[in-house]
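Residue-level listing of the chains:
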There are 2 protein chains.
Amino acid sequence: MEREFQFNAMPKTKQFDETEVLVKAREVFSVKGYNGTSMDDLVNATGLSRSSIYDTFGDKHGLFLKSLSHYCTSQGDELQNLCAKTDSPKKKIRAIFDYTLKSILTDKERKGCLMVNVSMELNAVDRDVAAISLANMEDMEQTFSALVKEGQAKGEISKKFSPKALGRLLYSNLMGLRVSGMNRPEPDALKEIVKLALSILDE
Amino acid sequence: MEREFQFNAMPKTKQFDETEVLVKAREVFSVKGYNGTSMDDLVNATGLSRSSIYDTFGDKHGLFLKSLSHYCTSQGDELQNLCAKTDSPKKKIRAIFDYTLKSILTDKERKGCLMVNVSMELNAVDRDVAAISLANMEDMEQTFSALVKEGQAKGEISKKFSPKALGRLLYSNLMGLRVSGMNRPEPDALKEIVKLALSILDE
DNA sequence: ATTTATTTGGAACATTCATTCCGATATACA
DNA sequence: TGTATATCGGAATGAATGTTCCAAATAAAT
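Quick notes on the rules
Residues numbered from 1 in each chain as written. Chains lettered and ligands numbered in written order. Predicted model: local features only at pLDDT ≥ 70, side-chain atom pairs only at ≥ 80, totals over all residues. Heavy atoms only, no water. Helix = DSSP H or I, 4+ residues; strand = E, 2+ residues; numbered from the N terminus. Rg over C-alpha atoms; globule rule 2.2 N^0.38 Å. Buried < 20%, exposed > 50% of the residue type's maximum accessible area, 1.4 Å probe, protein only. Contact = heavy atoms within 4.5 Å. Lys, Arg positive; Asp, Glu negative; His and termini not counted. Charge placed at Lys NZ, Arg CZ, Asp CG, Glu CD. Polar contact = N/O pair within 3.5 Å; in protein donor to acceptor, adjacent residues only side chain to side chain. Axes fitted to C-alpha atoms, helices over the stretch in contact; angles between N-to-C directions. Parallel < 35°, antiparallel > 145°, perpendicular 65-115°, else oblique. Left-handed = near helix turned anticlockwise from the far one by under 90°. Nonpolar A, V, L, I, M, F, W, Y, C, P; charged D, E, K, R; others polar. Buried area = accessible area lost by both parts, 1.4 Å probe. Salt bridge = Lys/Arg side-chain N within 4 Å of Asp/Glu carboxyl O. Least-squares fit on C-alpha atoms with pLDDT ≥ 70 in both. Phe/Tyr/Trp six-rings, centres within 6.5 Å; stacked < 30°, edge-to-face > 60°. Lys NZ or Arg CZ within 6 Å of the ring centre and 35° of its normal. Arc of directions from axis to C-beta.

**Q** I'm lost on the overall build of chain A in this one. Help?
**A** In terms of regular secondary structure, chain A is built from nine helices and zero strands. The C-alpha atoms of chain A give 21 Å as radius of gyration, which overshoots the globular expectation for 203 residues (17 Å, by more than 25%). Dimensions along the principal axes, computed over C-alpha positions, put chain A at roughly 85 × 40 × 30 Å. Going through the 203 residues of chain A one by one, you find that 52% of them count as buried. Within chain A, contacts between residues separated by at least 24 positions form 67% of all contacts whose residues are at least 6 apart in sequence. With 29 positive and 29 negative side-chain charges, chain A shows a separation of 5 Å between the mean positions of the two kinds.

**Q** What is the right way to read the environment of B:Asp59 from this model?
**A** Structurally, B:Asp59 is set in the loop between α3 (50-57) and α4 (60-84). Once the C-alpha coordinates of B:Asp59 and B:Met39 are considered, the two residues, 20 residues apart in sequence, prove to be 9.3 Å apart.

**Q** I would appreciate a short explanation of the environment of A:Ser49 in the present structure.
**A** Residues and elements named next belong to chain A. Assignment of secondary structure puts Ser49 in the loop between α2 (39-46) and α3 (50-57). Among the residues examined, Ser49 registers a relative accessible area of 34% and is labelled partly exposed. In this structure the C-alpha to C-alpha distance between Ser49 and Gly167, which are 118 residues apart in sequence, comes to 44 Å. Of the polar contacts made by the side chain of Ser49, one reaches the side chain of Ser52; its length is 3.1 Å.

**Q** Any chance you could explain the packing of helix α7 (residues 127-154) of chain A against helix α8 (residues 163-183) of chain A here in plain terms?
**A** Describing two packed helices takes the angle between their axes plus the distance from one axis to the other. Residues and elements named next belong to chain A. Their axes nearest at 7 Å, the elements α7 and α8 cross at an angle of 125 degrees. With respect to α8, the axis of α7 lies oblique. In this structure, α7 crosses over α8, and the sense of that crossing is right-handed. The segment α7 lies against α8, with Met137, Met140, Glu141, Phe144, Ser145, Val148, Lys149 and Gln152 engaging Pro163, Lys164, Leu166, Gly167, Arg168, Leu170, Tyr171 and Leu174. Split by residue class, the contact of α7 with α8 holds nine nonpolar, three polar and four charged.

**Q** I keep staring at unusual backbone geometry and nothing clicks. Help me out?
**A** When glycine is set aside, most residues are seen to have a negative phi, and most peptide bonds are trans. Even without glycine at this site, A:Arg110 takes up a positive phi of about 60 degrees. Relative to the helices and strands, A:Arg110 resides in the loop between α5 (89-105) and α6 (114-122).

**Q** Would you mind showing me how to read the interface of chain B and chain A here?
**A** The accessible area lost on association of the parts is a frequent measure of interface size. Counting residues at the interface gives 45 residues for chain B and 45 residues for chain A. Here chain B and chain A share an interface that buries about 4,000 Å² over both sides, 61% of which is from carbon and sulfur atoms. The largest share of the area that chain B buries against chain A comes from B:Met120, B:Asn183 and B:Leu196, three residues that together contribute 18% of it. Taken together, chain B and chain A are joined by six salt bridges. A:Arg184 is paired through a salt bridge with B:Glu141; the nearest N and O atoms lie 2.8 Å apart. When residues of the side of chain B that touches chain A are traced back to their parent elements, those giving at least two are α1 (18-32), α6 (114-122), α7 (127-154), α8 (163-183) and α9 (187-198) of chain B. Counting residues per element, the side of chain B that touches chain A draws most heavily on α8(B), which supplies 14 residues. Its residues assigned to classes, the side of chain B that touches chain A shows 21 nonpolar, 13 polar and eleven charged.

**Q** Would you explain the relation of the copies chain B and chain A in this entry?
**A** One copy of the chain maps onto the second through a rotation around an axis plus a translation along that axis. Laying chain B over chain A is done by rotating through 180 degrees and shifting 0.0 Å along the axis; what remains is an RMSD of 0.0 Å. Between the two chains, the operation in question is that of a two-fold axis. The position closest to the rotation axis in chain B is occupied by the C-alpha of B:Gly176, lying 2.0 Å away. Most of the interface of chain B is mirrored in chain A: 100% of its interface residues are interface residues there too.

**Q** I keep staring at the packing of aromatic side chains and nothing clicks. Help me out?
**A** Two numbers describe a pair of aromatic rings. These are the distance of the centres and the angle of the planes. Residue and element names in this part refer to chain A. Summed over all chains, the structure comprises eight aromatic pairs over all chains. Grouped by ring-pair contacts, the aromatic residues Phe29, Tyr34 and Phe64 constitute a single cluster. Geometry around Tyr34 places Lys60 over its ring, the cationic atom sitting 4.5 Å from the centre.

**Q** What exactly am I supposed to notice about α6(A) here?
**A** Because an α-helix packs 3.6 residues into every turn, residues spaced three or four apart end up facing the same way. Among the nine residues that make up α6(A), nine are buried, leaving the element largely enclosed by the rest of the structure. Residues A:Leu114, A:Met115, A:Val116, A:Asn117, A:Val118, A:Ser119, A:Met120, A:Glu121 and A:Leu122 constitute the buried set of α6(A).

**Q** Even after reading the chapter, I still don't get the packing of helix α5 (residues 89-105) of chain B against α8(B), so can you show me in this structure?
**A** Residues and elements named next belong to chain B. α8 packs onto α5 with a crossing angle of 15 degrees between their chain directions and a minimal axis gap of 10 Å. The angle between α5 and α8 falls in the class roughly parallel. Crossing angle aside, the handedness with which α5 passes α8 is right-handed. Contact residues: Ile93, Ile96, Phe97, Thr100, Leu101, Ser103 and Ile104 in α5; Leu170, Asn173, Leu174, Leu177, Arg178 and Gly181 in α8.

**Q** How should I be thinking about α3(A) in this particular structure?
**A** Residues and elements named next belong to chain A. Within the sequence span of α3, burial applies to Ile53, Thr56 and Phe57. Projected onto a plane normal to the axis of α3, the buried residues spread over an arc of 80 degrees and lie on a single side. Buried residues belonging to α3 abut α1 (18-32), α2 and α4 (60-84). In the stretch just after α3, Gly58 is the one whose phi turns positive, near 90 degrees.

In structure tokens form, the structure reads like this:
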């Protein structure tokens, strides 16, 4: 009897969702920092075995970078969604600050923001992180400055300063909020910081 | 012959200046982070032997905390000196921002500020660091708010917002400046951030 | 059920880590 | 000068680290 050549015997498929793993990993990295997180921590947090992690992400640094990038884009998407909810550029800016505020105040483990945390931890020694962090900064500044430009055109936002300069200030303020919130996540104080920070947009 | 009991045979004295060691250690911790810094790094940077470090500072964490505290107080003194150079509260505030700006722009290794760096790296897992960082924040806020109050009394600073609220915003802005500066230490952009951040003090 | 390719768990590995220890050295006073 | 005592250098230690490896388990197609 003639036996056919066998194609395509299919293997076991991955038993986990890569995105979920990236989220779990991000949470650990946020709490313990990059160098404070061990592979053991990651195995425990993700529920994967060492082999699966290495097979899928290469090594610790690879998993970390994927985790950071995923956080970056998913946060970007989140901001897009927020902005879609109103037509007013000024309200969009406020929504971004309120969202950050809320994420600080609901963060019971004091994880903070992975982007800020690891940028402060690693910028001087990790070019990959420095590049991602810089790109994120410029993206945020650009987003803010476009919103300011639009808001100024609509007359919602004071024309006293240029969109570019205000974009930079708003990013800087958002980072200041994260640092303040990490040190003392007190609602009233943080809300007041946002209020004053955004007052520069008014006449 | 009667032999007297012998007191006080004096030992070898320390061959190094403790403060200098704390400064060298701080530089390493700033660049590599707490968990990224090994005892080997510290031995190399300080020039001391392991024994001397352990004899003098207890352990790595002890050296780190002393280093952080020393940075904190020496930076506090520095700000006092700056403020002593003028009678104008508003100029004192500006001097603090300009000093920070200068320290960012002359920081060729991108060390950043140890206080901010380790606060972001360790706040969630190290109560000592969290306490020091919080104390530093409240101290700075208090300094700023006192200056604002004085400036408002002198008519130099707008009375639109309370000293307390402005104190918090100014601290937050200073932290934002450090984060922005870590990501992109570009003089013009940072100077503009300071300019806009301080514009809230004007009428 | 068999085959195939991959995942998976856990042991094993070499390295690096913080810390300890000891002999030698060096200082200040008698 | 001699002695007491702390510092110092470097080897030694044991735990923890990131990574590799292999046998067993497993899913998909035959």
